[in-house]
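Coordinate inspection notes
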Amino acid sequence: DQQVKQNSPSLRVQEGRISILNCDYTNSMFDYFLWYKKYPAEGPTFLISISSIKDKNEDGRFTVFLNKSAKHLSLHIVPSQPGDSAVYFCAASARSGNTPLVFGKGTRLSVIA
Amino acid sequence: GAVVSQHPSRVICKSGTSVKIECRSLDFQATTMFWYRQFPKKSLMLMATSNEGSKATYEQGVEKDKFLINHASLTLSTLTVTSAHPEDSSFYICSARAGGVSGYTFGSGTRLTVV
């Protein structure tokens, strides 16, 4: 049973346009959500996070939106750049205690010049 | 920021041999480390939670006798793949809680190939 779902395995976006990556979760105990960027044969690189007490967090070109009632979050990248091409993982945790992250399967973003 | 150093980055071993992967937390103490495994084009799957000074907690389906975890100090956790088989070939990543905005820091990963 996958608790964190990224239903789009891949996404192609033109440079300069907006990239929207989606993520759904099922565990209502999750209260902290993160997005990671990953290149092959490297560890994940943290991008942005959001606590369940918020519905939006913005950091430069990256914005994460959280809809708790729908158990849905999304990562918006605008404007998209070719260097953004990578696999993006959504992750979630229940921050009470030292709990591990639960990852989605990832979405491969390709930004085309 | 907090850094987790993972070694080796890449290892090739023969079937039946054992391989040790080390993860060190630099500049912070990690009472807990998490070990993940990633198959090609798949998600990062949690294998086990490593607790300093106590036994690791393994996820369902992960053989604890095959994947030995030792967390003898607050800065070092090791994963030993014993009697490796080709199906153990994968990308292994460790992670530790380090506080800060992200709270989680990842090692750079180890690509294990068993031939």
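Residues numbered from 1 in each chain as written. Chains lettered and ligands numbered in written order. Predicted model: local features only at pLDDT ≥ 70, side-chain atom pairs only at ≥ 80, totals over all residues. Heavy atoms only, no water.

Once that is clear, we can look at the overall build of chain A. Scanning chain A from N- to C-terminus turns up zero helices and eleven strands. Taken over the C-alpha trace, chain A has a radius of gyration of 13 Å; the compact-globule value for 113 residues is 13 Å, and the two agree within 12%. Projecting the C-alpha coordinates of chain A onto the three principal axes gives extents of approximately 45 × 30 × 20 Å. Buried residues in chain A amount to 44% of all 113 residues. Considering only residue pairs separated by 6 or more positions, chain A has 54% of its internal contacts joining residues 24 or more positions apart. Entry remark: accessible area of chain A is about 5500 Å², with carbon and sulfur atoms responsible for 48%. Positive and negative charge centroids in chain A, built from 13 and 9 side chains respectively, lie 3 Å apart. (Helix = DSSP H or I, 4+ residues; strand = E, 2+ residues; numbered from the N terminus. Rg over C-alpha atoms; globule rule 2.2 N^0.38 Å. Buried < 20%, exposed > 50% of the residue type's maximum accessible area, 1.4 Å probe, protein only. Contact = heavy atoms within 4.5 Å. Areas by Shrake-Rupley, 256 points an atom, 1.4 Å probe, with all protein chains shown as cover. Lys, Arg positive; Asp, Glu negative; His and termini not counted. Charge placed at Lys NZ, Arg CZ, Asp CG, Glu CD.)

Another aspect to go through is the packing of aromatic side chains. Taken as a whole and judged by the stated rule, the model has eleven aromatic pairs over all chains. Look at Tyr-36 of chain A and Phe-46 of chain A: their rings are 6.0 Å apart centre to centre, the planes differ by 70°, and that puts the pair in the edge-to-face class. Within this pair, whereas Tyr-36 of chain A is found in strand 4 (residues 32-38), its partner Phe-46 of chain A is found in strand 5 (residues 45-51), the two being separated by ten residues in sequence. Put simply, the rings of Tyr-36, Phe-46, Phe-89 and Phe-103 of chain A together with Tyr-36 and Phe-106 of chain B pair up and form one aromatic cluster. The residue whose ring lies beneath Arg-97 of chain B is Tyr-104 of chain B, and the NZ or CZ to ring-centre distance is 4.5 Å. (Phe/Tyr/Trp six-rings, centres within 6.5 Å; stacked < 30°, edge-to-face > 60°. Lys NZ or Arg CZ within 6 Å of the ring centre and 35° of its normal.)

With that out of the way, let us pick up the pattern of salt bridges. Residues and elements named next belong to chain A. Here the structure, examined in full by the defined rule, presents three salt bridges over all chains. Close ionic contact of Arg-61 with Asp-84 constitutes a salt bridge, the shortest N to O distance being 2.8 Å. One end of the pair, Arg-61, is in the loop between strand 6 (56-59) and strand 7 (62-67); the other, Asp-84, is in the loop between strand 8 (72-77) and strand 9 (86-93), with 23 residues separating them in the sequence. (Salt bridge = Lys/Arg side-chain N within 4 Å of Asp/Glu carboxyl O.)

In this section: unusual backbone geometry. A cis amide bond links Val-78 of chain A to the next residue, Pro-79 of chain A, at an omega of -10°. Within the fold, Pro-79 of chain A resides in the loop between strand 8 and strand 9. Although it is not a glycine, Lys-71 of chain A sits at a positive phi angle of roughly 50°. Under the relative-accessibility criterion, Lys-71 of chain A is labelled partly exposed at 27%. Within the chain, Ser-83 of chain B stands out as a residue other than glycine whose phi angle is a positive 45°. Relative to the assigned elements, Ser-83 of chain B resides in the loop between strand 8 (76-81) and strand 9 (90-99).

Residues and elements named next belong to chain B. Burial analysis of strand 5 (residues 44-51) places six of its eight residues in the buried class, which makes it a mostly covered element. The turn linking strand 4 (residues 32-38) back onto strand 5 is made up of five residues, and Lys-41 within it adopts a positive phi angle of 60°. Strand direction decides the pairing type here: strand 5 and strand 6 (residues 57-58), joined by two bridges, are antiparallel. Across the sheet, the residue bridging to Ala-48 is Tyr-58, located in strand 6. Between strand 5 and the antiparallel strand that follows it, strand 6, lie five residues; Gly-53 among them carries a positive phi value of about 80°. (Pairing = 2+ DSSP bridges.)

With that out of the way, let us pick up the interface of chain A and chain B. Listed per partner, the contact involves 21 residues of chain A and 21 residues of chain B. For the pairing of chain A and chain B, the buried interface totals around 1700 Å² over both sides, and the portion due to carbon and sulfur atoms is 58%. There are zero salt bridges connecting chain A and chain B. Counting the contacts that link chain A with chain B gives seven residue pairs in polar contact (both at pLDDT 80 or more). Elements with a minimum of two residues in the side of chain A that touches chain B: strand 4, strand 5 and strand 9 of chain A. In terms of residue class, the side of chain A that touches chain B is built from ten nonpolar, seven polar and four charged. (Buried area = accessible area lost by both parts, 1.4 Å probe. Polar contact = N/O pair within 3.5 Å; in protein donor to acceptor, adjacent residues only side chain to side chain. Nonpolar A, V, L, I, M, F, W, Y, C, P; charged D, E, K, R; others polar.)

Attention shifts here to the side chain of Ser-52 of chain A. All names here are of chain A. Within the secondary structure, Ser-52 is located in the loop between strand 5 and strand 6. Residue Ser-52 is classed as buried on the basis of its relative accessible area, which comes to 16%. Once you skip the residues sitting within four places of it in the chain, Ser-52 turns out to touch Asp-31, Phe-33, Leu-66 and Lys-68.

Keep in mind that these numbers describe shape and distance, not what the molecule does.
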